[in-house]
Amino acid sequence: MTDPQPSTPSLPDRSGTSWPPVAVPGQPSGAAAPPAEEDRDDFASPTPLPEGAQILDDLRAQLKRYVAMPSEETVTAVALWIAATHLQRAWQHAPRLAIVAPEKRCGKSRLLDVVTETVHNRLITVNASAAAIFRSIDGDDPPTLLVDEADTMFSTTKAAEKNEEVRGLINAGHQRGRPTLRVSGHEHQVQEFPTFAMAALAGIGDLPDTIMDRAVVIRMRRRAAGEKVASFRTGRDTPALNALRDRLHAWLQPLYVQAMEMEPPMPVEDRAADTWEPLVITADLAGGDWPALARTACRTMADYEAGQDEEGGLRTRLLVGIRRAFAAVSDPAVLSTKQLLESLNADKEAPWAEYGVNGLTPRGLQLLLKPYGIGSANRRFPDGTQAKGFARNQFLDTWARYCPEPKPVDGPAQRADEPLPGTAA
């Protein structure tokens, strides 16, 4: 057996004949020949990103440079929210950006710093009156309202009552065409003041439910030991952020009419779709990976917040508890108020356990169910007795609307006694 021969270059016609290097005029002997025409695609430069995608990529890089964001989806969301402020005139809804944290030193103020230097026409405040805010909003070119330490406005009952007008203004400004009316001037004439403007609010703990429901929520957390970010110095770092802001504005302003006419397919519905639509449209205008990134962030973050609402919502939790009470006795057609309350109050970790010495009362149950149009009545039971109680079919529509049962998944069947939202299984 002969030893294998080293491989040699072959001719394009694959004849197998080996040839020495060919001299190229103007080049030293032995220089490589230029690539054949059919091989030039291998040397072609990659397709450049669309302008908008490149700008958003640069913005995302700046966010990650200065802030330890909780997830890639939140980076996407903040970048798109910032960009969307430069097209406020095109939107029907002005999404809020709620930057919340469980405690201090979680990076919410640093994130607000970056947001402040890149949004359109910033209007930043720590504690402002409703009158000052709505008199600062221009209907033709609204500012971007930025509120730090927002928790100080709503953290206590007294503070919330004092700032109820501000909360109402922030809620009204989520949708176009919701002006506030004031009597002004010597002739006491009624004057309309626009409220529509995008707003970012940063604070410790959740903001009021009505604001959170209109917001893209960024839940910050304290940096772990291995998470490093660059220090932020206003004089040194804001010029680069301001330059990025100017690039955003130059890119998006000519797209105003196009953005206003777009109706993109959305992965969510109702209020969440209203809130996220400006961000998704901005992503569609940018192109590249951003349309897919935007919809992933939208679906993931909206689903998470829906779960948070279920865990924190007393009435939703009560509805699930009632469904469990019926299921525990094989879903009878009727259940007495006494038996229902015994089942509900058996859960000592439920929020209604603190309603009194004995927990939830018949009166308290009636008040909690009243918004759903559900009430007790005299019922006849299989043993012939009569007592106050509830029919199971009273709850069917409400369960389906407010706390639908989880869809079945592959694997072992789920237990009938499903855990309450926010509790361990």
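Since the model is a prediction, treat every value here as computed from it, not as a measurement.

With that out of the way, let us pick up the overall build of the protein chain. Looking only at helices and strands, one finds 16 helices and 10 strands in the protein chain. Going through the 425 residues of the protein chain one by one, you find that 40% of them count as buried. Partitioning the contacts of the protein chain with sequence separation of at least 6, the portion at a separation of at least 24 is 70%. Per element, the accessible surface of the protein chain, about 24,200 Å² overall, is 51% carbon and sulfur.

All right, on to the nonpolar core then. With 61 residues, the main nonpolar core has Leu 111 and Ile 218 as its most contacted residues. In terms of residues, this core owes the most to one element, helix H2 (residues 72–84), which gives 9 residues. Filtering out sequence-adjacent residues up to four positions away, Leu 111 remains in contact with Leu 63, Val 67, Met 69, Val 78, Ile 99, Ile 218 and Met 220. In terms of nonpolar packing, the next biggest core, distinct from the first, is built from 24 residues, Ala 98, Ala 150, Leu 207 and Met 212 among them.

Turning our eyes to something else, we now look at the sheet that holds strand S2 (residues 122–125). Reading across the sheet, the 5 strands line up as S2-S3-S6-S1-S7 and stay open at both edges, with parallel pairing between neighbours. Edge positions in the sheet fall to S2 and strand S7 (215–219), since each of these pairs with one other strand and no more. Each strand axis lies, on average, 15° off the axis of its neighbour in the sheet, ignoring direction. Alignment of strand S1 (residues 96–101) against S7, held across 5 bridges, turns out to be parallel. Counted as the bridge partner of Val 100 is Arg 219 from S7.

This part takes up the pairing of strand S6 (residues 199–204). Here S6 lies mainly inside the structure; 5 of its 6 residues are buried. Here 6 bridges tie S1 to S6, and the two strands are oriented parallel to one another. Counterpart to Ala 101 in the pairing with S6 is Ile 204. In terms of strand pairing, strand S3 (residues 144–147) meets S6 through 3 bridges, oriented parallel. Counted as the bridge partner of Val 147 is Leu 201 from S6.

With that out of the way, let us pick up the environment of Ala 328. One can find Ala 328 in helix H13 (residues 314–328). Among the residues examined, Ala 328 registers a relative accessible area of 65% and is labelled exposed. Residues Ala 328 and Ser 343 lie 15 residues apart in sequence; the distance between their C-alpha atoms is 9.0 Å.

On to unusual backbone geometry. One non-glycine residue, Arg 105, lies in the positive phi region at around 65°. Here Asn 121, not a glycine, exhibits a phi torsion of approximately 50°, which is positive. Considering the arrangement of structural elements, one finds Asn 121 in the loop between helix H3 (108–118) and S2.

Evaluated as defined, the whole model comprises 18 salt bridges. The partner of Glu 164 in a salt bridge is Arg 167, with the nearest N and O atoms 2.2 Å apart. Note that Glu 164 and Arg 167 are positioned in helix H7 (residues 164–172) at a spacing of 3 residues, about one turn of the helix. Owing to a relative accessible area of 37%, Glu 164 belongs among the partly exposed residues under this scheme. Across the pair Arg 219 and Glu 305 runs a salt bridge, and its minimum N-O distance is 2.9 Å. Within this pair, whereas Arg 219 is found in strand S7, its partner Glu 305 is found in helix H12 (residues 290–312), the two being separated by 86 residues in sequence. Relative accessible area serves as the criterion here: at 22%, Arg 219 is assigned to the partly exposed category. Overlapping salt bridges bring together Asp 206, Arg 219 and Glu 305 as one network.

Turning to H13, a few remarks are in order. Here H13 contains 15 residues, and its C-alpha end-to-end distance of 21 Å stays within 8% of the 21 Å for a straight helix at 1.5 Å per residue. Residues Thr 316, Arg 317, Leu 318, Leu 319, Val 320, Gly 321, Ile 322, Arg 323, Ala 325 and Phe 326 constitute the buried set of H13. Once H13 finishes, Ser 330 follows within two positions and takes phi at roughly 65°, a positive value.

Here we take up the packing of H2 against H3. The description of two packed helices rests on the angle between their axes and on the distance between the axes. One can describe the packing of H2 onto H3 by two numbers: an axis separation of 9 Å at closest approach and a directional angle of 30°. The orientation of H2 relative to H3 falls into the category roughly parallel. Where H2 crosses over H3, the handedness of that crossing is right-handed. Contact residues: H2 offers Val 78, Trp 81 and Ile 82, while H3 offers Leu 111, Val 115 and Thr 118. Here the contact of H2 with H3 is composed, by residue class, of 5 nonpolar, 1 polar and no charged.

Mapped onto the secondary structure, Thr 76 falls in helix H2. If we skip the residues at most four places from it in the chain, Thr 76 touches Arg 60, Trp 290, Leu 293, Ala 294 and Ala 297.

As a further point, take the packing of aromatic side chains. Within this structure, the stated rule accounts for 7 aromatic pairs. Between Tyr 66 and Phe 232 the ring centres are 5.2 Å apart and the planes differ by 85°, which places this aromatic pair in the edge-to-face class. You can see Tyr 66 sitting in helix H1 (residues 51–66) and its partner Phe 232 sitting in the loop between S7 and helix H9 (234–252), a full 166 residues away along the chain. Plain terms: the ring middles of Phe 390 and Phe 395 are 5.9 Å apart, the flat faces sit at 50° to each other, and that makes the pair tilted.

Calculation criteria
- Residues numbered from 1 in each chain as written.
- Predicted model: local features only at pLDDT ≥ 70, side-chain atom pairs only at ≥ 80, totals over all residues.
- Heavy atoms only, no water.
- Helix = DSSP H or I, 4+ residues; strand = E, 2+ residues; numbered from the N terminus.
- Buried < 20%, exposed > 50% of the residue type's maximum accessible area, 1.4 Å probe, protein only.
- Contact = heavy atoms within 4.5 Å.
- Areas by Shrake-Rupley, 256 points an atom, 1.4 Å probe, with all protein chains shown as cover.
- Core = buried A, V, L, I, M, F, W, Y, C linked by side-chain atoms within 4.5 Å.
- Pairing = 2+ DSSP bridges.
- Axes fitted to C-alpha atoms, helices over the stretch in contact; angles between N-to-C directions.
- Salt bridge = Lys/Arg side-chain N within 4 Å of Asp/Glu carboxyl O.
- Expected span 1.5 Å × (residues − 1).
- Parallel < 35°, antiparallel > 145°, perpendicular 65-115°, else oblique.
- Left-handed = near helix turned anticlockwise from the far one by under 90°.
- Nonpolar A, V, L, I, M, F, W, Y, C, P; charged D, E, K, R; others polar.
- Phe/Tyr/Trp six-rings, centres within 6.5 Å; stacked < 30°, edge-to-face > 60°.

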